[in-house]
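Understanding the architecture of this molecule
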Amino acid sequence: MSTLQGKTLFITGASRGIGLAIGVRAARDGANVVIAAKTADPHPKLEGTIYTAAAAIEEAGGKALPLVCDIRSDEQVYASVERAVKHFGGIDILVNNASAISLTGTLDTPMKRYDLMHQINTRGTFLCSQACIPHLKQAQNPHILNLGPPLSMKAQWFKPHVAYTMAKYGMSMCVLGMAAEFEDDGIAVNSLWPRTTIATAAVNMLGGDMMIAASRKPDIMADAAYHILTRPSRSCTGNFFVDEDLLRSAGVTDLEKYSVVPGAELAPDFFVD
């Protein structure tokens, strides 16, 4: 595979940030992008809705299907998948991008926040995969890509925020298990994680302008995802990719173009040893 032309991507949380960037990159090939996210109306603190994302997809050269979908709901997920299949004729790629974060210790994590992270990150990833896999089995080069970290069972990644780490590692455990489970079906299941922080709304809320200035643009994750999703699914599965390493191995030498502030010292992301 060298193009995503005509492929249908189902991307969760694609109204902004990394999910939208992956969709726009695919759209430049002429892909179909299903934007499965909650934001239908403008949010006071977050820019972008499923409709502004759809406009960006179509402006880039793709076809968009914006769907209001809370991935905590079984009914909404299955209904969105069925609408996507009816609209575009199938699903070739699932990108499990939607995520919730709370960098709090055990005593400072309300169970409501714990439940939110696990319902969206781990359960949502499992649910969306479950709903899409019967359709992916019919695709020619099917991929599932989870935005989850490499599995590194070191206390340093658990100690500051046990609940968040558990929820993100749940997404990565889906990769480990499903890659083996669906290997015979030819469905690739991989993860992608950034080496540095990425300039998204979540990072802005956590660290403000200073953190954004020390981050890379979502484009680096989009380009890395593209390199994964255009590979043959039967020979590229079960991997825990890191964006920078993947792009370097693919021959990309200029990573400075991804920096929000060229020349700035970049902030490392979590979970990368």
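Residues numbered from 1 in each chain as written. Predicted model: local features only at pLDDT ≥ 70, side-chain atom pairs only at ≥ 80, totals over all residues. Heavy atoms only, no water.

Using the following cut-off: UniProt positions are given in the numbering used here, feature names are shortened, and annotations may be inferred rather than shown by experiment.
Naming follows an unreviewed UniProt entry, where the chain appears as NAD(P)-dependent oxidoreductase of Nannocystis pusilla. Database annotation for the chain, UniProt heading Sequence similarities (unreviewed entry): "Belongs to the short-chain dehydrogenases/reductases (SDR) family." Checking UniProt for the chain, the heading Subcellular location (unreviewed entry) contains the comment "Peroxisome".

1. Looking at the nonpolar core
Nonpolar side chains tend toward joint burial in soluble globular proteins. We count it as follows: Take the buried residues of types Ala, Val, Leu, Ile, Met, Phe, Trp, Tyr and Cys, join any two whose side-chain atoms come within 4.5 Å, and each joined set is a nonpolar core. The rule is simple: take the accessible area with a 1.4 Å probe, protein chains only, and divide by the maximum for that residue type; under 20% is buried, over 50% is exposed, in between is partly exposed. A run of DSSP states H or I qualifies as a helix once it reaches four residues; a run of E qualifies as a strand once it reaches two. Both are numbered from the N-terminal end. Residues count as neighbours in contact if any of their non-hydrogen atoms are within 4.5 Å of one another.
Core analysis: the largest hydrophobic core is formed by 42 residues, its most contacted members being Phe10, Val77, Val81 and Ile91. At the level of elements, strand E2 (32-37), strand E3 (63-68), helix H3 (74-88), helix H4 (111-136), helix H5 (162-181) and strand E6 (188-193) are the ones that each hand at least two residues to this core. For this core, the element with the most residues is H4, which contributes nine residues. Discounting residues that sit within four places of it in the chain, phenylalanine 10 has contacts with Val34, Ala36, Ser80, Val81, Ala84, Ile91, Ile93, Leu94, Val95 and Cys132. Listed in part, the 40 residues of the second largest apolar core include Ala26, Ile198, Tyr226 and Tyr258.

2. What to know about the side chain of aspartate 92
Where we set the bar: Residues counted as positive are Lys and Arg, residues counted as negative are Asp and Glu, and His and the chain ends are not counted. For this analysis, a salt bridge means a side-chain nitrogen from Lys or Arg found within 4 Å of a carboxyl oxygen belonging to Asp or Glu. Two N or O atoms count as a polar contact when they lie within 3.5 Å, although within protein this holds only if one can serve as hydrogen donor and the other as acceptor, and sequence-adjacent residues are included solely when both atoms are side-chain atoms.
Topologically, aspartate 92 is positioned in the loop between H3 and strand E4 (93-96). Lysine 7 provides the closest opposite charge to the buried, salt-bridge-free aspartate 92, at an N-O distance of 4.1 Å. Within the local environment of aspartate 92, its side chain forms a polar contact with the backbone nitrogen of threonine 8, the two atoms lying 2.8 Å apart. If we skip the residues at most four places from it in the chain, aspartate 92 touches Gly6, Lys7, Thr8, Leu136, Ala139, Gln140, Asn141, Pro142 and His143.

3. Details of the packing of aromatic side chains
Put simply, the test is: Stacked, tilted and edge-to-face are the three classes assigned to paired rings of Phe, Tyr and Trp, where Trp is represented by its six-membered ring and a pair needs centres within 6.5 Å; plane angles under 30 degrees give stacked, over 60 edge-to-face, the rest tilted. Counting as a charge over the ring demands two things of the Lys NZ or Arg CZ atom: a distance within 6 Å of the ring centre and an angle within 35 degrees of the ring normal.
For the structure shown, the criterion picks out six aromatic pairs. Here tryptophan 193 and phenylalanine 271 contribute two aromatic rings whose centre-to-centre distance is 5.7 Å and whose plane-to-plane angle is 55°, an arrangement assigned as tilted. Note that tryptophan 193 is positioned in strand E6 and phenylalanine 271 in the segment after helix H8 (243-249), a separation of 78 residues in sequence. Among the aromatic residues, those joined into a cluster by ring pairs are Trp157, Phe158, Tyr164, Tyr169, Trp193, Phe270 and Phe271. Across from the ring centre of tyrosine 226, 3.7 Å away, lies the NZ or CZ of arginine 25, which sits over that ring.

4. Here's the deal with the pattern of salt bridges
This structure, assessed with the given rule, holds nine salt bridges. In this structure, arginine 195 engages glutamate 244 in a salt bridge whose closest nitrogen and oxygen atoms are separated by 4.0 Å. With arginine 195 in the loop between E6 and helix H6 (201-213) and glutamate 244 in helix H8, this residue pair connects regions lying 49 residues apart in the sequence. For arginine 195, a relative accessible area of 24% translates into the label partly exposed. Close ionic contact of glutamate 244 with arginine 248 constitutes a salt bridge, the shortest N to O distance being 3.6 Å. With glutamate 244 and arginine 248 both in helix H8 and four residues apart, this pair spans about one turn of that helix.

5. Some details on the state of the cysteines
Chemically, a disulfide is nothing more than a covalent bond linking the sulfur atoms of two cysteines. So the rule is basically this: When two cysteine sulfur atoms are found within 2.5 Å, that pair is recorded as a disulfide.
Taken as a whole and judged by the stated rule, the model has zero disulfides. In this structure cysteine 69 is a free cysteine whose sulfur lies 6.0 Å from that of cysteine 128, the closest cysteine sulfur available. Among the residues examined, cysteine 69 registers a relative accessible area of 2% and is labelled buried.

6. Let's talk about a negative patch on the surface
The line we're drawing: By definition, no residue in a patch forms a salt bridge, and every one has over 30% relative accessible area; like charges are joined within 9 Å, nonpolar side chains (Val, Leu, Ile, Met, Phe, Trp, Tyr) within 5 Å. Computed with a 1.4 Å probe, the accessible areas rest on the Shrake-Rupley method; for each residue, only the protein chains presented here act as cover. Throughout, a charge is located at the NZ atom of Lys, the CZ atom of Arg, the CG atom of Asp or the CD atom of Glu.
Judged by side-chain charge, Glu181, Glu183, Asp184 and Asp185 come together as a negatively charged surface patch. Assignment of secondary structure puts glutamate 181 in helix H5. Judged by its relative accessible area of 54%, glutamate 181 falls in the exposed class.

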